[in-house]
Amino acid sequence: MLNAFNIDRAMSELPQHNRRYVLRTRPIALPEDDNFTIERVPVPLPGDGQLLVRILLAALSPWQNQRLKDFRNYTKPFAIGELIDCDVLGEVIAGNAGGIEKGQLVTGRLGWQEFALTTPDMLLPISNEFADTLWLTALSSPGLTAYCAMDLFARPMPGQTMVVTSAAGAVGSYAVQLGKLAGMHVIGIAGGEEKCRLVTEDLGADSCVDYRAGDVAERLGELCPDGVHLFFDTVGGPIADSVFDNLAKYARVLVVGRTLSNNSEHPDQDPVNMRQLWARECTIQCFSRYSYPQRWEFARERMTALCRQGQIRSIDNVVSGFENTPRALRDMLTGASTGKTLVRYAIAKQQAST
């Protein structure tokens, strides 16, 4: 229990105000700064069973843009005035509950804000074994999404050809590496020479097609004379249709995202060329990580082991400054960044003292 003296002392040591982003208006296509409002509110003092967390890193994801819009999808749209949600890494700065003490680093879904009042069941305590960014990349949604999708549905076969869209992106970069670890011939698709070079030289793909440089379907036809056996897609749209034109008989198509349609002015209209899927008798499996929470712990254990063995490389883009969060989301959605986009709000006290 906190007595009056301890409350006064705690309040004097804590910051007085918290800044948080809430939705002001809905974007038409890509989000702009004026779609958000920065609220300045008092920092709350934790009560019994509560913890106060200082947000150090906020993770940005394509699903945040789709939740800014009001259309039917697998997640509920943000309400006007609602805090923008996201995974974060933070440091407990007040409170002692559930065995989590002050100074402990944690991850959780706490949103675009500088401080968050929460409970232990909403947090995952983490160690100092890895860089802090790894806990929001390989060991969080991007890496675990790729691992669960591959493990549950991909049925990777050594020697077969796998194509990955957004191969330099947050999820696709791990799909590329997991495909190679499974013995597949992996071809990435990315935008620009620099990203394609990263996909082949850093992530280990056998080839990478630059979708900005020409006819994707024609280039894939040259690289995949026997067709594409496994298609790991997070993009959709014309790029996905180019892969469909090159599918092998009985190919597996793993739909993990629809970034192009979600970013468009008409996200509810998402046509797909089904002709080749039917003609080649392909299997289509749609995957959302929210449907498999029971697999999360196992996937994290496996990805942790792969990171320890040096078999997985994490690609991230860290932007500094709370005020730059909307711009960082917009840059990510337009393909200006590589890997997982993170925004650094603060540095942990233990890091700042070293």
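Residues numbered from 1 in each chain as written. Predicted model: local features only at pLDDT ≥ 70, side-chain atom pairs only at ≥ 80, totals over all residues. Heavy atoms only, no water.

Peer 1: Sorry if this is basic, but what is going on with the nonpolar core here?
Peer 2: A general trend in soluble globular proteins is that nonpolar side chains are found buried together. Among the nonpolar cores identified, the biggest contains 54 residues, and M162, F232 and M303 are the most heavily contacted of them. When residues of this core are traced back to their parent elements, those giving at least two are β3 (51-60), α3 (141-154), β8 (161-164), α4 (172-181), β9 (185-190), α5 (193-201), β11 (228-233) and α10 (296-308). When sequence neighbours within four positions are dropped, the list of residues in contact with F232 reads A146, A149, M150, M162, V163, V164, T165, V171, A175, L254 and V256. (Core = buried A, V, L, I, M, F, W, Y, C linked by side-chain atoms within 4.5 Å. Buried < 20%, exposed > 50% of the residue type's maximum accessible area, 1.4 Å probe, protein only. Helix = DSSP H or I, 4+ residues; strand = E, 2+ residues; numbered from the N terminus. Contact = heavy atoms within 4.5 Å.)

Peer 1: What am I meant to see in a nonpolar patch on the surface here?
Peer 2: Judged by side-chain polarity, V272, M274 and I284 come together as a nonpolar surface patch covering roughly 230 Å² of accessible area. Looking at the element boundaries, M274 is found in the loop between α8 (259-262) and α9 (275-279). (Patch = residues over 30% accessible without salt bridge, like charges linked within 9 Å, V, L, I, M, F, W, Y side chains within 5 Å. Areas by Shrake-Rupley, 256 points an atom, 1.4 Å probe, with all protein chains shown as cover. Salt bridge = Lys/Arg side-chain N within 4 Å of Asp/Glu carboxyl O.)

Peer 1: Sorry if this is basic, but what is going on with the packing of α3 against α10 here?
Peer 2: Each pair of packed helices can be summarised by the angle the axes make with each other and by the distance between the axes. At a minimum axis separation of 9 Å, α3 and α10 run at an interaxial angle of 105°. Considering their axes alone, α3 and α10 lie roughly perpendicular with respect to each other. Every residue of α10 that contacts α3 at S141, G143, L144, T145, Y147, C148 and D151 is listed here: W296, F298, A299, R300, R302 and M303. Partitioned by chemical class, the residues of the contact of α3 with α10 number seven nonpolar, three polar and three charged. (Axes fitted to C-alpha atoms, helices over the stretch in contact; angles between N-to-C directions. Parallel < 35°, antiparallel > 145°, perpendicular 65-115°, else oblique. Nonpolar A, V, L, I, M, F, W, Y, C, P; charged D, E, K, R; others polar.)

Peer 1: Explanation requested: the pattern of salt bridges in the structure shown.
Peer 2: Any two side chains of opposite charge can pair, so long as their charged atoms come close to each other. As enumerated under the stated definition, the model contains 19 salt bridges in all. A salt bridge links E114 to R19, with the nearest nitrogen and oxygen atoms 2.9 Å apart. Here R19 lies in strand β1 (residues 17-23) and E114 lies in the loop between β5 (105-109) and β6 (115-118), a separation of 95 residues in the sequence. A residue is classified by how much of its surface remains accessible, and R19, at 22% relative accessible area, is partly exposed.

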